[in-house]
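Inside the fold
Here are the chains, one letter per residue:
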Amino acid sequence: ATAAAERQAAEAARSAEWAMKQEANRRAELEELQVHTADLRSQLSKFQTHADQAEACARQASDRADEAHRTSVLRAQRAEEKLANVMETKEALREEVMGLHAQLDKHRDKCADLEAELRDQRSDCRSTQKALDEIKKAEREALDENARLRCELTELEEWRSGAL
């Protein structure tokens, strides 16, 4: 019984150690995702700034186009070409920003999944620790019972020796 209890205790200890390693791995993954998410947010902010600048440039180009139209049709055509280029850039940046938003949403979902997994692993660790505590208690009780029985055996042998 003692050997079985010791094996169970060793197995429970290995399970607890494995669960703790898994929790540490999940934490590391979560930290990496948080860093990556911060990087994506920074990029998103930069692209949003570029998009705002492109929009401001587009408005300025439109104003210049109106003024150039009054002075020269040729200047107006050139300004319209610049406007088209700016709008293309703005649209490309807008699409890139939308892609970054999608990536950010995926990372948020992954972070939420990892946090849920981390909570589950913590629960598993607590359950494993409780089982380990119960095994240790049973082992102590078995050792106490073994000691009691040895005392009784010694007393019986002494009594038997004295009775003979």
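Attention here is on the structure that accompanies the text.

Cut-offs and rules
Counting restarts for each chain: residues are numbered from 1 in the order of the written sequence. Confidence filtering applies because this is a predicted model: local features only for residues at pLDDT of at least 70, side-chain atom pairs given and counted only at 80 or more, and all residues used for totals across whole chains, interfaces and linings. Values shown for side chains rest on all heavy atoms present in the structure; no hydrogens or waters enter the calculation. Segments assigned H or I by DSSP are reported as helices when at least four residues long, segments assigned E as strands when at least two residues long, and all are numbered from the N terminus. Between the two quantities, the radius of gyration covers C-alpha atoms and the globule rule is 2.2 Å times the number of residues to the power 0.38. Relative accessible area decides the class of each residue, using a 1.4 Å probe on protein chains only: under 20% of the type maximum gives buried, over 50% gives exposed, and in between gives partly exposed. Contacts: residue pairs with any heavy atoms within 4.5 Å of one another. What sets the accessible areas is the Shrake-Rupley method with a 1.4 Å probe; for residues, cover comes only from the shown protein chains. Positive charges come from Lys and Arg alone, negative charges from Asp and Glu alone, with His and the N- and C-terminal ends not counted. Note on charges: their place is set at NZ of Lys, CZ of Arg, CG of Asp or CD of Glu. Within 3.5 Å is the distance limit for a polar contact, defined as a pair of N or O atoms, with the added protein rule that one can donate a hydrogen and the other accept it, and that residues adjacent in sequence qualify only through two side-chain atoms. We count a salt bridge whenever a side-chain nitrogen from Lys or Arg sits within 4 Å of a carboxyl oxygen from Asp or Glu.

Overview of the overall build of the protein chain
- Each helix and strand counted, the protein chain has two helices and zero strands in total.
- For 164 residues, the compact-globule formula gives about 15 Å, and the C-alpha radius of gyration of the protein chain, at 37 Å, lies well above that figure.
- Projected onto its principal axes, the C-alpha positions of the protein chain cover 135 × 15 × 15 Å.
- Residues classed as buried in the protein chain amount to 23% of the 164 residues present.
- In the protein chain, the share of contacts with a sequence separation of at least 24, taken over all contacts with a separation of at least 6, comes to 89%.
- As displayed, the protein chain has an accessible area near 12,200 Å², and 51% of this comes from carbon and sulfur atoms.
- Positive and negative side-chain charges of the protein chain, numbering 28 and 36 respectively, have mean locations separated by a distance of 4 Å.

Observations concerning the side chain of glutamate 23
- Within the secondary structure, glutamate 23 is located in helix α1 (residues 2–71).
- By relative accessible area, which is 12% here, glutamate 23 ends up buried.
- Looking at glutamate 23, its side chain comes within polar contact range of the side chain of arginine 27, at 2.6 Å.
- The contact partners of glutamate 23, leaving out residues within four places of it in the chain, are Leu118, Gln121, Arg122 and Cys125.

Section: the pattern of salt bridges
- Taken as a whole, this structure holds ten salt bridges when the rule is applied.
- Measuring nitrogen to oxygen at the nearest pair gives 2.5 Å for the salt bridge that ties glutamate 145 to arginine 148. Taken together, the residues glutamate 145 and arginine 148, both in helix α2 (residues 73–163) and three residues apart, mark about one turn of the helix.
- Exposure remark for arginine 148: the relative accessible area of 38% places this residue in the partly exposed category.
- A single salt-bridge network, built from bridges that share partners, covers Glu23, Arg27 and Arg122.

Things to note about the environment of alanine 24
- Mapping alanine 24 onto the fold places it in helix α1.
- C-alpha separation for the pair alanine 24 and leucine 118, spaced 94 residues apart in sequence, amounts to 9.0 Å.

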